[in-house]
Structures are given as C-alpha cells and as structure tokens.
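The residues making up each chain are set out below.
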Amino acid sequence: MSVPALRSSPEWEALARHWRSLRGTTLKQLFDADPQRGTRHVVQGAGLHLDYSKNLVTDETLRLLRKLARARGVFERRDAMFRGDKINETEKRAVLHVALRAPRGERILVDGNDVVPEVHEVLDRMAAFSDKVRSGEWRGHSGKTIRNVISIGIGGSDLGPVMAYEALKHYSRRDMTFRFVSNVDPVDFVEATGDLAAEETLFIVCSKTFTTLETLTNAHAARDWCLEQLGGDEAAVSKHFVAVSTNAAEVGKFGIDTANMFGFWDWVGGRYSMDSAIGLSTMLAIGPEGFREMLAGFHAMDEHFKSASPERNLPLLMGLVSIWYNDFFGAQTVAVLPYAQYLKRFPAYLQQLTMESNGKHVTLAGERVDYATGPIYWGEPGTNGQHSFYQLIHQGTRLIPCDFIGFMHSLTPLHGQHDLLVANLIAQTEALAFGKTPAQVRAEGTPEWLVPHRVCEGNRPTNTILAERLTPHTLGALVALYEHSVFTQGAVWGIDSFDQWGVELGKQLANKVIPQLQDAKEPKLEHDSSTNALIRRYRAARGAN
Ligand code: G6Q
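Let us look at the structure shown here. (Residues numbered from 1 in each chain as written. Predicted model: local features only at pLDDT ≥ 70, side-chain atom pairs only at ≥ 80, totals over all residues. Heavy atoms only, no water.)

As a further point, take the overall build of the chain. Within the chain, the regular secondary structure consists of 21 helices and 13 strands. Its C-alpha atoms give the chain a radius of gyration of 25 Å, within 12% of the compact-globule value 24 Å for 545 residues. The dimensions of the chain, computed from C-alpha atoms along their principal axes, are 75 × 60 × 60 Å. Classification of the 545 residues of the chain by burial places 54% in the buried group. Contacts spanning at least 24 positions in sequence make up 74% of the contacts within the chain whose residues lie at least 6 apart. Only carbon and sulfur atoms are counted for the fraction: they give 52% of the accessible area of the chain, which is about 23,700 Å². With 58 positive and 63 negative side-chain charges, the chain shows a spacing of 3 Å between the two charge centroids. (Helix = DSSP H or I, 4+ residues; strand = E, 2+ residues; numbered from the N terminus. Rg over C-alpha atoms; globule rule 2.2 N^0.38 Å. Buried < 20%, exposed > 50% of the residue type's maximum accessible area, 1.4 Å probe, protein only. Contact = heavy atoms within 4.5 Å. Areas by Shrake-Rupley, 256 points an atom, 1.4 Å probe, with all protein chains shown as cover. Lys, Arg positive; Asp, Glu negative; His and termini not counted. Charge placed at Lys NZ, Arg CZ, Asp CG, Glu CD.)

The following block contains the structure:
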C-alpha cells in the first residue's frame, strides 16, 4: 500500500506551524488561561480514566492532530484491522488480536472463514485443561498432583505471561508455584527448577513457530530434567508437557502429543498474544473465569477504540499526543510509571509491544521515512523510580513525556499506605508540570548561589491513567489501550506495526556463530576483525578450562 508523504502533507505542515506558534507556552499559562482545563481534558473508556490536561496541547493542537489522523486513514485502517483485512502487508497477514477477545457469536472473517468459533473452541479446551490441573484431577506420571507450572517461551511468548502473572498475582492460586523460563542462559532454567520436583511439575512450551532456539533449547533441557527424575520413561512427557503453538508438526516432533497442544493462528503477532493460548499460564494461575474477565477488559477497550468519537477516544488521543512529542518536540522516549508494585513488569512488556511494533525505518511502500517513528518506552514502578531516575525527568535537559498509572483502591490495604502511594503519583504530576520557580525557592530562604540548582522549570508533560482497582478486567483494558495507541501511531507514520524483520535477523545470526564456538577444530572465520577476535578469545578461554 502506498501512503502519501507525511511531512509535506498540509496536516503535518499545519501542525509544524502550530508547534512554532506555541513555542514558549507553558503548562502554567495553559492552566491559568482555563480554570476548567483539569476537568475538561479528561476521557473515560472501558473503566479507565485518562487525564491528559497536563500535556503541552491546546484545543487547536488536538483538532489538528485529529485532522492528521483522518488524513492518514487511521480510522479506515482501524476498521480494516477489525474486519480481518491483511493489514500486515510485509507478511501478508491479518492482524486480529481483537478476535481473541471477541464474544461468542461475533463474526470475523479471514479468507472467508469465521475465526471466532475457533477462538472459543481453544478457550474452552484451555478452560477444561486448567480446571483439571487446578482441581488435581490431572496427575503427573507418578500419580502426584501438579503444584508447579513452568512456562517456557521468549519475547512475545513470554513477556505477556510473565507480566500478567505478576499483575494478577492477587487472584492467583497461592498453593501453586508459577515460573517462567526464557533466556538461553542456562541459569534461567537451573534457577527455575532447582528446588522443584519433576513429578509435580508441568511445563508449558510456548512458541508460535516452535523453532525458536532459546525455547527449544530450554524445552529439551526440561525434558531431560523430567525424564531423569522420572526414571527415563518417555510416557512421562505427555503428563508433564503441553505446548502452545501454531506448528503442530514441530510440536509432534518434539514428542508432545498434539492432543496436549493449544493452538493459535498466524494472524496473532507474538507481542499481541498474551490473550491467546500463550496465556495458558495466566489461566492456570487465575482460573478460567478470571481469564475471561481479562478478555472482557480487552474487548471493552476494543469497542471503545472502534466506536468512541475521536474527541473522546483514549487510545487515539494517547497515540496522537505521543506523536506530537516524538515528531514535533523531538522527545525520544516515553516513561511509563505504574504506581502499583503488581505492575512491575508492565513497562518491560510495553517495551516489546511498542518498540517492536513501531521501531521501523521504512513506510509500507518501502520508502525510508524522513521523520522519527517509535519512541523508546521505559519505566519502573513508582514510588521507587522517584528515588532514582526521576531527577533527570524533573531537572535534566531532555523532554520525557510520562504516563502515570494508578488505582483508587489497593488490593492489599495496609494502614493507609495506599494513600501515600497515590499522593506521590499526584504530587509528581503536579511537580513535573509546574515545577518550582526561583521566587518559590528564594522564599524558602535558599542562599542565592543555590537557587539555580533548586529551581525546577516544570513544563514536563504527563498523562494520568486511573482505574478503580487492578483486576483482570482492568489489566485487559490497559493492555488494549496501549495496543491501540501503538496502532494509531503506526497508522499515522504509515509503517507496518506488525512485522519484525529485525527480530528475524537476530534469530538467524547466532546460528552461524554457534558451530564456530563449538567446533573441535579451528573454524575458518570470515567475519570482521572484531568478531573474529571475540570468537577466538572465547574458544581460547574454553580450551583453557
Ligand atoms: C513478537 C516477536 C518475538 C517472538 C519470539 C518468540 O512479536 O516476533 O518476540 O514472539 O521471538 O517466537 P516464537 O513464539 O515463535 O517462539
């Protein structure tokens, strides 16, 4: 698909002019000029409340951004995604994570085939399996019940399950142990299994392709570990291994009975798969009901994205505002700061979702872009970050727009501690926006030489996202919010947010070096001089062991 040039479009040029006219305008001025600003620039959807008033935007900015979205075909592309069109053009695939949470009875066609019944068939099988494991009906090879679940996967087949497990721990079975193994570093596998008994352990091997080096290596390690403890009887595999994959042939080759395989489809991207069978560990942890509640949260945000007006559309607004900072202010990063310890892995999860999706340098037509695409997403939970990197956000030389995420109610109330947490969230957004002026610093009796050091200029933009409490429903809505915000960005930039050729390259490269490290005889090395020397150095060190 050819998308018209972005920078020379009238909508982009209008935004550039508008940005120049706003230069020097501060958040303080915007708030002083409009006493209603803090209650006007808020929107709600799918149980989330977004306050975007502390952004460097005016009504005109928002109008121009919406105009840009319209001109770039964001709404048509959104509808095409929901319809099942093959909008992942470089892989010629539909992009239908929204079908994973479509209610029974909805119809979404891919190549003329309604995929929703298949989605529910897998969900039902997952639920039946989860119930069996959770009730103790499913037994290991020696007849013991399963107490430990280890999910093996990497990237999109790992980050979602890990994040969701941590986020929803409050709802999880506390008498079961859940662990995740991703890294090919043997430490990961050894530490995850060291204190467990194989006869009580179930492995879920999660791999869309079932060819990924790390996952297959760890799955083989798991198989050896299991068989070693269970007397080498191959029949044990069917009791201790299930697979989540699109590749039945490879699953069978590995020795997992395809009756114990939960499928998904090529129209689910890895980083969009935590609500597919890839989330089997989540379902085992929180139960089928909880999982369905999470899917309902995703779906509620899908419906909001599809039908809310552009003025009140959360993902659209967030996506457009991030383009505003990324492309006009030159902000290179976005910090995501959840004030919820359960969301400690949420920024890491978002890094993949956002950066793998929009880290692209060519348009859909294959032309090099002449504007910045995906910003770097990063973050840590508050309040911890306040005692480390927030300093740079408050007083550094870079503009770092931040998303603050908080909840009205704690899941684990403890003597008003939640008030302290939320007070910090609110205070930070206030401090970032309005800072501390020299006059305020002087009024505190600060000696003149120290005044410049203590001044905080403010004018640091933030979004505040609030929800009642962290439930499976909220988590689903929150993830879908970012999914569709990323979609909005990608559609405006005219890039393919759903391929990942850079990741593919990484998958191929190591395969060339592995034999060069392991060969008994000196390999012929034809890399650059640095790579050759590193390989030789490693070989020499290993030889000396
Ligand atoms: C996700 C990426 C990537 C992928 C992993 C695992 O969008 O493509 O992170 O999920 O490389 O791939 P498999 O699931 O095929 O093992």
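Glancing now at unusual backbone geometry. The omega torsion of the bond from Gly-382 to Thr-383 falls at 10 degrees, within 30 degrees of zero and hence cis. Positionally, Thr-383 belongs in the loop between β11 (376–378) and α15 (390–395). For Ala-46, which is not glycine, the phi dihedral falls at a positive 50 degrees. By the element assignment, Ala-46 lies in the loop between β1 (42–45) and β2 (48–51). Here Ala-46 falls in the buried class, since its relative accessible area comes to 19%. In this model, His-415 sits at a positive phi of 40 degrees, which is unusual for a non-glycine residue.

When the terminal C-alpha atoms of helix α19 (residues 472–493) are compared, their 32 Å separation across 22 residues agrees well with the 32 Å that a helix rising 1.5 Å per residue should span. Just beyond α19, the residue with positive phi is Gly-494, at close to 70 degrees. (Expected span 1.5 Å × (residues − 1).)

Now for the sheet that holds strand β8 (residues 241–245). Pairing within the open sheet is parallel, and its five strands lie in the order β6-β5-β7-β8-β9. What marks the edges here is a single partner per strand, and that holds for β6 (177–181) and β9 (261–263). Geometrically, the sheet is characterised by an average inter-axis angle of 20 degrees between neighbouring strands, direction not taken into account. One ladder, built from five bridges, connects strand β5 (residues 148–152) with strand β7 (residues 201–206); its direction is parallel. The residue of β7 that forms the bridge with Ser-151 is Ile-204. With respect to the sheet, helix α6 (residues 116–135) is in contact with β7, β8 and β9, its orientation differing from that of β9 by roughly 145 degrees. (Pairing = 2+ DSSP bridges. Axes fitted to C-alpha atoms, helices over the stretch in contact; angles between N-to-C directions.)

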